[in-house]
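Here is what each chain is made of, one letter per residue.
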Amino acid sequence: MQPVYIIIIAVVVGFILITSLIARYKRCPSDKILVVYGNTGGSGSSAKCIHGGGVFIWPVIQDYAFLSLKPISIEANLTNALSLQNIRVDVPCRFTVGISTESESMNNAAERLLGLSSAQIQELASDILFGQLRLVIATMTIEEINADRDKFLESVSTNVEAELKKIGLKLINVNVTDIKDESGYIEALGREAAAKAINEAKVSVAVQEKIGEIGKAEAIRDTRIKTAEANAIAVKGENQSKIEIANSDAIRREKEAEALRIAISAEKVQQAKALQEAYAAEQKAEAARAERERSTQQANVIVPEEIEKQRRIIEAQAEAEKVRENAKGEADAIFVKMDAEARGLFEILTKQAGGYDKVVRAAGGDPSKAYQLLLIEKLPELIKTQVEAIKNIKIDKVTVWDGLNGHDGKTSTANYISGLLKSIPPLNDLFNMAGLDLPNYLKGNPVVEEEAKEVKEDDGQQ
């Protein structure tokens, strides 16, 4: 048996080892970077970064962690930033950054961001963004910042991305809202641009109105000419149409007459054929109706009688089967009941016979002594039965008139109590009613008493 135990232990150990090795294989989700640190194979890098796929993590010598690629939104409301013209401006921006999936940037993120929370990463990135945003504004004029937004955003992206890459982050998007300055310079530029646009719009409106009036007059002239030409062509067309309509009406009436003749002839022929087919159809219909009447009578009379007959047969069979099953069930129940009662009675009598046999053996094989033993056991119950004879007699009040005429020194009260006790059935009578004979020593027999007295005297003389 020992080799079997060794094989079982080897299988269990192997299963645990394989399960542990499988559990050490880690898969990288698409929205995270898997960072393996520890002994990474002597590549000169402090960590091994994996985006997508999976890798086996060696126990003891390696461990792993995840970097989230979810974008981080940073609100950078820069105030009092000094521009190239030494005018302080407020530039509210919102940057969206995230950890880069480029190889170099992932290693930077693993070295500088691993273990930091999202709030800590956001705070670190905010410091870099504010600094680079001030630097970009210091190299541009108000007009460039306000008018050429593309250039401003490009400069911000170029400077910010280079700094964010150092810690493994990447700039995803930047939005700049309204730019304001404390001197009102931008507002003045806006009013100037608005006035210039309004004046240009007024000039453009006047030119367009002039062109519109000229075009309107030319359009009216052309309309009248074209209308006259169209009317002449229309009259000529109407006359030509009337001629063609007249010719068409004549041809139509001729064709209608010919069609009417052909239609009347065809109608007569079809009416004759219809009458012939109708007579044939009526003949077939009468035959079908006769067959239907015969089938109806058969279905209404014969079929219901047949169905009723089958139903009665089935009901009679079912009732007979039910009676047979009920009788069989009752017979089985009676048999089981009688069998159980017989078995119980047999067991009781068997046990009683065995008990009596043991009593006789205990009495030395003498049945009379065995009978006495059983009688001694039942004697308290017999006496209790005797006493029960007057136990339930309800006597509310007893009045005894004593005339002092008692005999043998007995009063009337004593005679009453003695008479009451004599109403108890004698023990000997109870035995006789049960078909038994009370032993002599319980009867108070004088012969027995005399014999007992003689035995006593003999014992005293000895």
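Our structure's up above, just so we're on the same page.
Residues numbered from 1 in each chain as written. Predicted model: local features only at pLDDT ≥ 70, side-chain atom pairs only at ≥ 80, totals over all residues. Heavy atoms only, no water.

> Report on the packing of aromatic side chains, specifying residues and quantitative values.
Scanning the entire structure with this criterion turns up 2 aromatic pairs. Centroid distance Phe-56 to Trp-58: 4.8 Å. Interplanar angle 85°. Geometry classified as edge-to-face. Taking relative accessible area as the criterion, Phe-56 reaches 23% and is therefore assigned partly exposed. On the basis of an interplanar angle of 80° and a centroid distance of 5.9 Å, the ring pair of Tyr-64 and Phe-66 is categorised as edge-to-face. In this structure Tyr-64 comes out as partly exposed when scored by relative accessible area, which is 26%. Directly above the aromatic system of Phe-66 lies the positively charged group of Lys-32, at a separation of 5.6 Å from the ring centroid. (Phe/Tyr/Trp six-rings, centres within 6.5 Å; stacked < 30°, edge-to-face > 60°. Buried < 20%, exposed > 50% of the residue type's maximum accessible area, 1.4 Å probe, protein only. Lys NZ or Arg CZ within 6 Å of the ring centre and 35° of its normal.)

> I'd like to hear about helix α1 (residues 2-23), residue by residue, with values.
Taking 1.5 Å of rise per residue, the 22 residues of α1 would be expected to cover 32 Å, and the 32 Å separating its terminal C-alpha atoms lies within 8% of that figure. Here α1 lies mainly on the outside; 0 of its 22 residues are buried. (Helix = DSSP H or I, 4+ residues; strand = E, 2+ residues; numbered from the N terminus. Expected span 1.5 Å × (residues − 1).)

> Can you explain the sheet that holds strand β3 (residues 47-50)? Please cite residues and give values.
Spatially, the 3 strands line up as an open sheet ordered β3-β2-β5, and their pairing is antiparallel. With partners counted over all chains shown, the strands left at the sheet margins are β3 and β5 (62-68), one partner each. Recorded for the sheet is a direction-independent mean angle of 25° between the axes of neighbouring strands. Pairing geometry for strand β2 (residues 32-38) and β5, over 7 bridges, is antiparallel. (Pairing = 2+ DSSP bridges. Axes fitted to C-alpha atoms, helices over the stretch in contact; angles between N-to-C directions.)

> Could you give an account of helix α5 (residues 149-165), with specific residues and numbers?
The end-to-end C-alpha distance of α5 is 24 Å, a good match for the 24 Å that 17 residues give at a rise of 1.5 Å each. Buried within α5 we find Phe-152, Val-156, Ser-157, Val-160 and Leu-164. Across the axial projection of α5, the buried residues extend over an arc of 130°, all falling on one side. Relative to its buried face, α5 has exposed residues pointing more than 90 degrees away, namely Asp-150 and Glu-154. (Arc of directions from axis to C-beta.)

> Outline the pattern of salt bridges, listing residues and values.
Any two side chains of opposite charge can pair, so long as their charged atoms come close to each other. Scanning all chains against the criterion turns up 15 salt bridges. With a closest N to O distance of 3.7 Å, Arg-112 and Glu-111 form a salt bridge. Ionic pairing is found between Arg-292 and Glu-293, a salt bridge with its closest N-O pair at 3.8 Å. Look at the salt bridges and you will find they share partners, linking Glu-308, Arg-311, Arg-312 and Glu-315 into a network. (Salt bridge = Lys/Arg side-chain N within 4 Å of Asp/Glu carboxyl O.)

> Please set out the packing of helix α3 (residues 118-138) against α5 residue by residue, giving values where relevant.
Direction vectors running N to C along α3 and α5 enclose 140°, while the axes themselves pass 9 Å from each other. By the criterion of interaxial angle, the relationship of α3 to α5 is oblique. In this structure, α3 meets α5 at a crossing whose hand is right-handed. Counted together, Ala-125, Ile-128, Leu-129, Gln-132, Leu-133, Val-136 and Ile-137 of α3 and Phe-152, Ser-155, Val-156, Asn-159, Val-160, Glu-163 and Leu-164 of α5 form the full contact between these two elements. Residues belonging to the contact of α3 with α5 are distributed by class as follows: 10 nonpolar, 3 polar and 1 charged. (Parallel < 35°, antiparallel > 145°, perpendicular 65-115°, else oblique. Left-handed = near helix turned anticlockwise from the far one by under 90°. Contact = heavy atoms within 4.5 Å. Nonpolar A, V, L, I, M, F, W, Y, C, P; charged D, E, K, R; others polar.)

> If you had to explain the layout of surface pockets to someone new, which residues and values would you point to?
The computed volume of the second largest pocket comes to approximately 180 Å³. Forming the boundary of the second largest pocket are 13 residues, of which Ser-68, Ile-99, Leu-116, Ser-118 and Ile-121 lie nearest the centre. For the lining of the second largest pocket, the elements supplying multiple residues, two or more each, are β5 and α3. Tallying contributions element by element places β5 first for the lining of the second largest pocket, with 3 residues. (1 Å grid on protein atoms, 1.4 Å probe; cavity = no way out; pocket = protein on both sides within 12 Å on 5 of 7 lines; lining within 4 Å. Points joined across faces, edges and corners; volume = space filled by probe spheres on them.)

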